[in-house]
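The lines below spell out each chain.
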Amino acid sequence: MANPQLLTIDAAAAELGVPKGSLKTAAQEHGFLIKMGRATRIDRNDFPKLVKACQDQARAPACTNSNTGRTGTSETAEDQTSQRAAQAAQMLKKRSPPTSQPRGGKVLPMSRPT
């Protein structure tokens, strides 16, 4: 193992060209933050591992951008989140039963003095 080259958050952020707060959060989340008493440091030798840990994973496209044709449906795959959202929407559209007891009563006409 190489000798540690500990840098302050400010110095490491300047060297990497990233905001200090973002660097500190990422280093803490991925286990690269070194704390000794009040001193908070990052090892320069861990920069490549930290950058790799922060890289976004490539995602498959949500839609193939294909023609929907006569059916009117796209080729976007159904997922559980959209199914749950559709179920919740249907439940909200249903009329809920009344919660109070029906009361019998008369409607009295109001007379106005003329």
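Above this text you will find the structure in question.
All of the points below concern the structure found in this document. (Residues numbered from 1 in each chain as written. Predicted model: local features only at pLDDT ≥ 70, side-chain atom pairs only at ≥ 80, totals over all residues. Heavy atoms only, no water.)

1. Concerning the overall build of the protein chain
If you tally the helices and strands in the protein chain, you get four helices and three strands. Listed N to C, the secondary structure of the protein chain is β-α-α-β-β-α-α in terms of helices and strands. Among the 114 residues that make up the protein chain, the fraction classed as buried is 13%. (Helix = DSSP H or I, 4+ residues; strand = E, 2+ residues; numbered from the N terminus. Buried < 20%, exposed > 50% of the residue type's maximum accessible area, 1.4 Å probe, protein only.)

2. Here's the deal with the pattern of salt bridges
One pass over the full model with this rule turns up three salt bridges. Here Arg-44 and Glu-15 are joined by a salt bridge, their closest N and O atoms 2.7 Å apart. One end of the pair, Arg-44, is in the loop between strand S3 (39-43) and helix H3 (47-54); the other, Glu-15, is in helix H1 (residues 9-16), and 29 residues separate them in sequence. You can call Arg-44 partly exposed: its relative accessible area is 30%. (Salt bridge = Lys/Arg side-chain N within 4 Å of Asp/Glu carboxyl O.)

3. Structural notes on the environment of Arg-41
Summarising the element assignment, Arg-41 is placed in strand S3. Put simply, Arg-41 and Gln-5 are 36 residues apart on the chain and 9.3 Å apart in space, counted from C-alpha to C-alpha. Not counting the four nearest positions on each side in its chain, Arg-41 is found in contact with Leu-6, Leu-7, Thr-8, Phe-32, Leu-33 and Ile-34. (Contact = heavy atoms within 4.5 Å.)

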